[in-house]
Structure formats: C-alpha cells, structure tokens
Amino acid sequence: MLLEVKDIHVAYGDIEAVCGVSFSLEKDELVSIIGANGAGKTSILNSIMGIFPPRKGSIIFKGRDITAMPAHQRARIGIRIVPERSRLFPRLTVYENLLTGVYGLRKKIPVDKRISWLYGMFPILKERRGQLANTLSGGEQQQLSIARALISDPELLLVDEVSMGLMPKLVEQVFGILKQLNEEHGLTILLVEQNAFASLNISTRGYVLETGTCALSGSAAELMDNPRVQEVYLGH
Amino acid sequence: MSSYTITIGTIIVIQAIAVCGLNVIVGYAGQISLGHAAFFGIGAYTAAMLSTKAGLSFWTALPLVIAIGGFIGFLLGLPSIRVREDFLAITTIGINFIVEAVFRYVPFFGGALGIGGIPRIVFFGERLKGMTFLLLCLVFLFLVLLVCWWLTRCWASLACYAVRDEESAASTMGISHVRFKLLAFVIGTSMAALAGSLYAHYMQFINAGDFSFPVSVGFLSMLVLGGMGTIWGPVIGTLILGVLPEIFRPLVDYRILFYTLLLLLMIRFQPGGLLGEESAMRRVLAPILRRGKA
C-alpha cells in the first residue's frame, strides 16, 4: 500500500470539513475523489500534503506514519501536489518555477533531461520559458504547475481541481497527460475533481465524498453506472 | 573634498550597509521589518561596549559584533514564523521600542548618557578618520553588496523568492519557509550590526536615541525609494534620501512630511522602487545596459 488514510478529521474552528474519511491507494493506481463544493476534497489533499494538519486520524505513506511531518519534508520523500489555482511563484520565470520543484531533494536528478522531457510534454512551456509566471494564461499556469510537481519524479501526485477554469479542450488534454503519466510511467495519482465524468473516465477507482464523509466507493466503471452518481454528478 | 562632504558621504555609506541588510529581509524574503534600527543599535552598542569596557580593537570585536547581531536577529526573527504582514510590522516596531528602552534605562548600557570615548579604528598603525574612514566604509559596502549579489545568484535566493511570493506552495516544493525566513533575518541583521559598529567608531559617542523608531522608518523609506529586492536599490535610495535633506536644509522641519509624501508617491506610481522591475528608470536604463553587454 503506497498511501493509507485512516479516519481523518479536518476542522476549521468549530466547523468540521472532513469527518472520518478513510481510503487507500496502491502503487500505480489512479484514484479520483469526486464531490460537490464544500465536500472536503481539498481539505483531504491538504492534509495528505501537510499544509493543514488533520485534527484526528493518521496518514501512512509507504508504511511510515507521516501525520506529524511538515509539508517540506513530505515533498522530499516523494509526495507532490498540483494545488488548486496553480499557486505558481508569480515573480519567477517559467524556467525558475520548474527549478523550484527540484529544491531540497536528496536523490540526484538529471535536471536538464527532466526539463526537456517536460518541455516535450508541454511545448508551450518551452516557448514561454523566459516569461514571468504571472504573465501566463490560466491553462498555461496549470500546465506549469503540473510540470513543476513532476520534475521531482514524485511517487505520489496529488491533483486538486485541475480542470477548474480550463476550456473543455484543455481539460481533455490535461486529463490525457495524467492518464499517460499513470499508464506509461507508473505514476500513482490521487485526483480530486468536481468534473466527475472526466476524472472517472481515466481512473481505476473512485470515492464519492458528501459533506465530509465518504458516501460511495468502488471501481470507476461501477461508480459511473451507479444511479445516484449519474443523477447527481453526471447529469443523466 | 571638504570635510563636510566626507561626513555626509560616510554617514550615507554606513546607512547604505544597513539598508542592504534590510533589503535581504524585506526585498528577498518578503518579511516586512519596521525595527531595523534596533539591530543597527545592537551592533553599535556591542561594538562600543567591547571597545570601551573590554578593550578590544575594532577588528577583534568585529566578528563578535556580527555574530551577536546575527544571533539576536535569529531570536527576533522567530516571531516572523508565526505572524505575517501588518502584524509582523507591528511586532518589529515593538522590538525597536524595546531595544531602545533597554539601551536607555539599563545603567550597564550607559543609560540616558549613552556611551562615549569609543576609540577610532586603527588600521596598520594608522587611526582612520575623514577620507580613510570613508574608504574603509566603502570597502565594507562593497563586500556587503557582493554578499547580496551572491545571494541573488545561489539556490537560497530562489527559495527566498519562492517563500516571499507563495509560502505554502513553497513548502510543497520541499522548501522549509522557517529556515529561509530565519536565514534572511540572520544575514540582514548581521549587516545592520556591521553598519552599527562602523557608526559607533565613527561618531565615537552613541546614545539610545540614535536607534529609535524614526530611524527604522528612514531605512525602510530608503529601501522602498531605491527598489526592494534589487542590488543597487538600497544604495541609490540611501544616496537620494541622504543628500536631499542637506540640499533642503532650510526645510528641516518638514522632513517627516516630505518622507511620507515620497513614500506615498512611490507606492502609488513606482511600487517597485526607482530600480524595480517595471520602473521608469529601468526602462530608460535598459537599452543602455543592453548595449553595454553586447
């Protein structure tokens, strides 16, 4: 088991956003968590990354309890996040933003090779490499955010609402890249999405989150066939 | 050069060293500090105590002064991990007042009378004053600028810029924001302590009032005017705000009003400072610089 989340509770003041969610990820899986606004999806990702600690419960990565580990150390042991709304460093160039992803890694990484690989996957970034990140369009920013997370060769990629604010064609492209990363490079991905159809389409398994609790879980095909999911999330 | 010009020049160079230190904290790491004069004062008092009471020379005391300045900077940088922006500004103002009060009311530090009889710096048997002291200060300013330049070139700067713009995103990249904020505080306050030491040996008499809150505001004004996060900004800003009051000496009563107006105008029209990324001056200079490189 690569990642195991056991009964986590996340609360902001008195308001519980996540009340006792458990799930797990095997290596090489692509798993989606879908749910409406305020279901607690982002809170779960943030506690896995270590940005906001859970109030209760534990998070186990590669057999090691990391619940109390600060975010920057989790980044070093192979967890990376593509945060909601990209969160780039606005006053650094595209190239420098990519470089920040290698920061503090213990293992040696062929940086130039990784960067040309990423430029191959996202050609627009190569074209814009000298530009400041805040001059990029929304779609370009999302691509840079993914590339910045990928450069470190992570073992677990957390992806938060990557489809938000992207035009449908770009959504297709980005999801295509995630699928390719999972299938061809064996990258384990945890996808958090409102766009249930697009994300279940590329996933092996999924979880449906409703107001802080896990309402349903199963294989992606099962979930897509589930009448309740169809009604609420797929608009059938 | 007349001794008047040399005096003004020396003060400007010493202040520029302190403002370079402030630039590391505010410009590189993005941590607002309105208490920089406290560290300038800590450097000056440490140098003064070590030379008058312990009988050390400027040179033997210097590593100690810088180490103590950096260490206290480290301690006072700790709050910056917990508080941000306007709260950090208020905290640093508080630090400035506390440090000044300690100097003023603790008899060990000379109390309200300050510390006098600080010896001049001796360099190869020669007591430095006037032009030679100015040269020494310029050498130190050059070294400080070298450190700043090196900082913008190395890994630490990328990390600092990352922490400045997006703290939590930086942490997800494996950058510990705690470490880089503290590093910036330590380097910045060490530079202020160096400037303080030069100041003490130049004035030969110091008193708590030399390191009060308005001095901090002055430092920040110089930095904002020159351009935060640039290499030469602190020097240009200090030069302008150091020379202007001399030219407009008759208007001395309106100095604070003038500073305020200047800060407001800068923030409104040139938020990056005179040498900032999108400033008018950079636009004028850019073609010339590019030609110089080609």
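Residues numbered from 1 in each chain as written. Chains lettered and ligands numbered in written order. Predicted model: local features only at pLDDT ≥ 70, side-chain atom pairs only at ≥ 80, totals over all residues. Heavy atoms only, no water.

Focus: a nonpolar patch on the surface
Residues and elements named next belong to chain B.
Turning to step 1, where the next piece is worked out: Judged by side-chain polarity, L239, V243, I247, F248, L251, Y254, L257 and L261 come together as a nonpolar surface patch covering roughly 780 Å² of accessible area.
Turning to step 2, where the next piece is worked out: Where the nonpolar patch is concerned, the elements lending two or more residues are α11 (233-247) and α12 (255-269).
Turning to step 3, where the next piece is worked out: Ranked by residue count, the leading element in the nonpolar patch is α11, at three residues.
Turning to step 4, where the next piece is worked out: According to the relative accessible area criterion, I247 is exposed, its value standing at 55%. (Patch = residues over 30% accessible without salt bridge, like charges linked within 9 Å, V, L, I, M, F, W, Y side chains within 5 Å. Areas by Shrake-Rupley, 256 points an atom, 1.4 Å probe, with all protein chains shown as cover. Salt bridge = Lys/Arg side-chain N within 4 Å of Asp/Glu carboxyl O. Helix = DSSP H or I, 4+ residues; strand = E, 2+ residues; numbered from the N terminus. Buried < 20%, exposed > 50% of the residue type's maximum accessible area, 1.4 Å probe, protein only.)

A short note on the domain arrangement of chain A
Accessible area lost upon the coming together of the parts is a frequently used measure of interface size.
Residues and elements named next belong to chain A.
Turning to step 1, where the next piece is worked out: Structurally, chain A comprises domain 1 (1-78 + 156-236) and domain 2 (88-153).
Turning to step 2, where the next piece is worked out: Taken over both partners, the interface formed by domain 1 and domain 2 buries close to 1100 Å², and the fraction arising from carbon and sulfur atoms is 73%.
Turning to step 3, where the next piece is worked out: It is R76, I177 and L181 in domain 1 that bury the most area against domain 2; as a group they hold 40% of the surface buried on that side.
Turning to step 4, where the next piece is worked out: At the junction of domain 1 with domain 2, the criterion picks out zero salt bridges.
Turning to step 5, where the next piece is worked out: Inspection of the domain 1/domain 2 interface yields one residue pair in polar contact (both at pLDDT 80 or more).
Turning to step 6, where the next piece is worked out: Contributions of two or more residues to the side of domain 1 that touches domain 2 are made by α2 (71-76) and α7 (168-185).
Turning to step 7, where the next piece is worked out: Top element by residues in the side of domain 1 that touches domain 2 is α7. It accounts for six residues. (Domains from an automatic or database assignment. Buried area = accessible area lost by both parts, 1.4 Å probe. Polar contact = N/O pair within 3.5 Å; in protein donor to acceptor, adjacent residues only side chain to side chain.)

Focus: the side chain of B:T92
Residue and element names in this part refer to chain B.
Turning to step 1, where the next piece is worked out: Mapping T92 onto the fold places it in helix α5 (residues 85-105).
Turning to step 2, where the next piece is worked out: Judged by relative accessible area, T92 falls into the buried class, the value being 5%.
Turning to step 3, where the next piece is worked out: Of note is the side chain of T92, whose polar atom sits 2.7 Å from the backbone oxygen of A89.
Turning to step 4, where the next piece is worked out: In contact with T92, not counting residues within four places along its chain, are I32, S33, L34 and G35. (Contact = heavy atoms within 4.5 Å.)

Here we look at α7(A)
Residue and element names in this part refer to chain A.
Turning to step 1, where the next piece is worked out: For α7, with 18 residues, the first-to-last C-alpha span of 25 Å sits near the 26 Å given by 1.5 Å per residue.
Turning to step 2, where the next piece is worked out: Taken residue by residue, α7 has L170, V171, V174, F175, I177, L178, L181 and N182 as its buried positions. End-on view of α7: buried residues confined to an arc of 150°, all on one side of the axis. Relative to its buried face, α7 has exposed residues pointing more than 90 degrees away, namely P168, K169, E172, E183 and E184.
Turning to step 3, where the next piece is worked out: Buried-residue contacts for α7 involve β3 (30-35), α4 (111-121), α6 (138-150), β7 (156-160), β8 (188-193) and α8 (196-202).
Turning to step 4, where the next piece is worked out: Downstream of α7 by one or two residues, G186 has phi in the positive range, about 65°. (Expected span 1.5 Å × (residues − 1). Arc of directions from axis to C-beta.)

Describing the packing of aromatic side chains
Turning to step 1, where the next piece is worked out: This model, assessed by the stated rule, comprises 18 aromatic pairs over all chains.
Turning to step 2, where the next piece is worked out: Each ring, one from B:Y45 and one from B:F103, has its centre 3.7 Å from the other, and the planes form 5°; the classification is stacked. Within this pair, whereas B:Y45 is found in helix α2 (residues 36-52), its partner B:F103 is found in helix α5, the two being separated by 58 residues in sequence.
Turning to step 3, where the next piece is worked out: On the basis of an interplanar angle of 80° and a centroid distance of 5.4 Å, the ring pair of B:F103 and B:F109 is categorised as edge-to-face. One exposure class covers both B:F103 and B:F109, and it is buried.
Turning to step 4, where the next piece is worked out: Ring pairs connect the aromatic residues B:F40, B:Y45, B:F103, B:F108, B:F109, B:Y199, B:F211 and B:F219, which therefore count as one cluster.
Turning to step 5, where the next piece is worked out: Sitting above the plane of the A:F89 ring, A:R148 keeps its charged end 5.0 Å from the centroid.
Turning to step 6, where the next piece is worked out: Above the face of the B:F108 ring, B:K53 is positioned so that its terminal group lies 5.0 Å from the ring centre. (Phe/Tyr/Trp six-rings, centres within 6.5 Å; stacked < 30°, edge-to-face > 60°. Lys NZ or Arg CZ within 6 Å of the ring centre and 35° of its normal.)

Some thoughts on unusual backbone geometry
Turning to step 1, where the next piece is worked out: For A:K62, which is not glycine, the phi torsion reads 50° and is therefore positive.
Turning to step 2, where the next piece is worked out: You can see A:K62 is positioned in the loop between β4 (56-61) and β5 (64-65).
Turning to step 3, where the next piece is worked out: The class of A:K62 is partly exposed, set by a relative accessible area of 46%.
Turning to step 4, where the next piece is worked out: Backbone geometry places B:Q204, a non-glycine residue, at a positive phi of 65°.

Some thoughts on α4(A)
Residue and element names in this part refer to chain A.
Turning to step 1, where the next piece is worked out: Among all positions in α4, only R114, I115, L118, Y119 and M121 are buried. Take α4 and look down its axis: the buried residues cluster within an arc of 160°, on one side only. Structural note: α4 exposes D112, K113 and G120 on the side pointing more than 90 degrees away from its buried face.
Turning to step 2, where the next piece is worked out: Looking at the buried residues of α4, the elements they touch are α3 (94-100), α5 (123-127), α6 and α7.

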